[in-house]
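# Per-entry structural report
The lines below spell out each chain.
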Amino acid sequence: MDDADTSTDELAWRTTDSAIDYACPGFDVRMDDVTLPDGTETDFHYVDEPEAVVVLPFTPDGDVVLVEEWRQAVGRVNRGLPAGSLEPDDDDIAAAARRELAEETGFEAGSLERVGSVEPANGLLNSVHHHFVARDCEPTAEQELDFNESIRVAVEPYEDVLAAAVDGHLRDGRAVLGILRYELAGRWR
């Protein structure tokens, strides 16, 4: 394995081999053989998944377009923001955000602004989430859901969604992060 991308930081692990242990639609489980800074050789498993977009969509009236989606891992319907993985041929992340918004909700954005990117759980997975704010979102089409998506659309006042993010009633991490980051960034502009 090529070590060209290995950091020179004294904390860096050196990857000597890497392989997919398990592949499924949406992500893989990867195992890296690594050498720790003290010379210990071991392995490390993590979820390997494509980058994703997360959209905080506002209607012209300032309400938020949410998705209510069955989440098998937690066994319940979860309220969150429209989000989805980048496709291998996605060269334009903003275009991917527009696509995911339309596919999951049937809404299209009048404008789109990138808020930032985060690594949501970099101790467990290598994913990067690119957050966007969409404004003047209007329903223009039908949803185009993937075979394994069970989604209904909800439109709620922003203040209610913000309160739910703060008080714990909104539990989706991508949604909470997107809403709180948007709220806090507005105070620093």
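For the structure, see preceding data.
Let us look at the structure shown here.

How each quantity is defined
Residues numbered from 1 in each chain as written. Predicted model: local features only at pLDDT ≥ 70, side-chain atom pairs only at ≥ 80, totals over all residues. Heavy atoms only, no water. Phe/Tyr/Trp six-rings, centres within 6.5 Å; stacked < 30°, edge-to-face > 60°. Helix = DSSP H or I, 4+ residues; strand = E, 2+ residues; numbered from the N terminus. Buried < 20%, exposed > 50% of the residue type's maximum accessible area, 1.4 Å probe, protein only. Pairing = 2+ DSSP bridges. Arc of directions from axis to C-beta. Salt bridge = Lys/Arg side-chain N within 4 Å of Asp/Glu carboxyl O. 1 Å grid on protein atoms, 1.4 Å probe; cavity = no way out; pocket = protein on both sides within 12 Å on 5 of 7 lines; lining within 4 Å. Points joined across faces, edges and corners; volume = space filled by probe spheres on them. Nonpolar A, V, L, I, M, F, W, Y, C, P; charged D, E, K, R; others polar. Axes fitted to C-alpha atoms, helices over the stretch in contact; angles between N-to-C directions. Contact = heavy atoms within 4.5 Å.

Let us look at the packing of aromatic side chains. The geometry of an aromatic ring pair is captured by two quantities: the separation of the ring centres and the angle between the planes. For the structure shown, the criterion picks out 5 aromatic pairs. Both rings, one in Trp 13 and one in Phe 44, keep their centres 5.6 Å apart while their planes meet at 80 degrees; by these two values the pair is edge-to-face. Residue Trp 13 is found in the segment before strand 1 (14-24), and its partner Phe 44 is found in strand 3 (residues 41-48); the two are separated by 31 residues along the sequence. Overall, Phe 44 belongs to the partly exposed group, its relative accessible area being 29%. With centroids separated by 5.5 Å and ring planes inclined at 50 degrees, the aromatic side chains of Phe 58 and Tyr 158 adopt a geometry described as tilted.

As a further point, take the pairing of strand 6 (residues 76-80). As defined by bridge partners, strand 5 (residues 63-71) adjoins strand 6 across 5 bridges and the pair is classed as antiparallel. Note that in strand 6 the partner of Trp 70 across the bridge is Val 77. Two successive antiparallel strands, strand 5 and strand 6, enclose a turn made up of 4 residues, where Gly 75 displays a positive phi of approximately 70 degrees.

Time to look at helix 2 (residues 158-167). Buried within helix 2 are the following residues: Tyr 158, Val 161, Leu 162, Ala 164 and Ala 165. One face of helix 2 carries all of its buried residues, which in axial projection span an arc of 160 degrees. Opposite the buried face of helix 2, at more than 90 degrees from it, the exposed residues are Glu 159 and Val 166. Just past helix 2, the residue Gly 168 takes up positive phi, approximately 95 degrees.

With that settled, consider the pattern of salt bridges. If charged atoms from side chains of opposite charge come close, those side chains can pair. For the structure on display, the rule yields 8 salt bridges. For Arg 79, the salt bridge goes to Glu 156, with nearest N and O atoms at 2.7 Å. Placement of Arg 79 in strand 6 and of Glu 156 in strand 12 (residues 151-157) is noted, with a sequence separation of 77 residues between them. A relative accessible area of 21% places Arg 79 in the partly exposed class. Assessed through its relative accessible area of 17%, Glu 156 is described here as buried. Among the charged side chains, a network of salt bridges with common partners joins Asp 90, Arg 99, Glu 100 and Glu 103.

In this structure, the largest pocket occupies an estimated 1400 Å³ of space. Together, 43 residues line the largest pocket, and Glu 49, Glu 69, Arg 71, Ser 85 and Arg 174 are the ones closest to its centre. Listing elements by their share of the lining of the largest pocket, those giving two or more residues are strand 5, strand 6, strand 7 (83-85), helix 1 (93-105), strand 10 (129-135) and helix 3 (173-188). Partitioned by chemical class, the residues of the lining of the largest pocket number 18 nonpolar, 11 polar and 14 charged. In this model, the second largest pocket occupies a volume close to 300 Å³. Of all the elements in the fold, those that place two or more residues in the lining of the second largest pocket are strand 2 (27-35) and strand 3. By residue class, the composition of the lining of the second largest pocket is 5 nonpolar, 3 polar and 1 charged.

For the rest of this paragraph, the subject is the sheet that holds strand 12. Spatially, the 3 strands line up as an open sheet ordered 6-5-12, and their pairing is antiparallel. Strands at the two margins of the open sheet, each flanked by one partner only, are strand 6 and strand 12. On average, each strand axis in the sheet is inclined to that of its neighbour by 30 degrees, with strand direction left out of account. Against the sheet, helix 2 makes contact with strand 5, strand 6 and strand 12, and its axis sits at roughly 105 degrees relative to strand 12, the strand it touches most.

A separate point is the pairing of strand 5. With 7 bridges connecting them, strand 5 and strand 12 associate as antiparallel partners. Paired with Asp 63 across the strands is Pro 157, a residue of strand 12.

As far as function goes, none of this settles anything; it's purely spatial.
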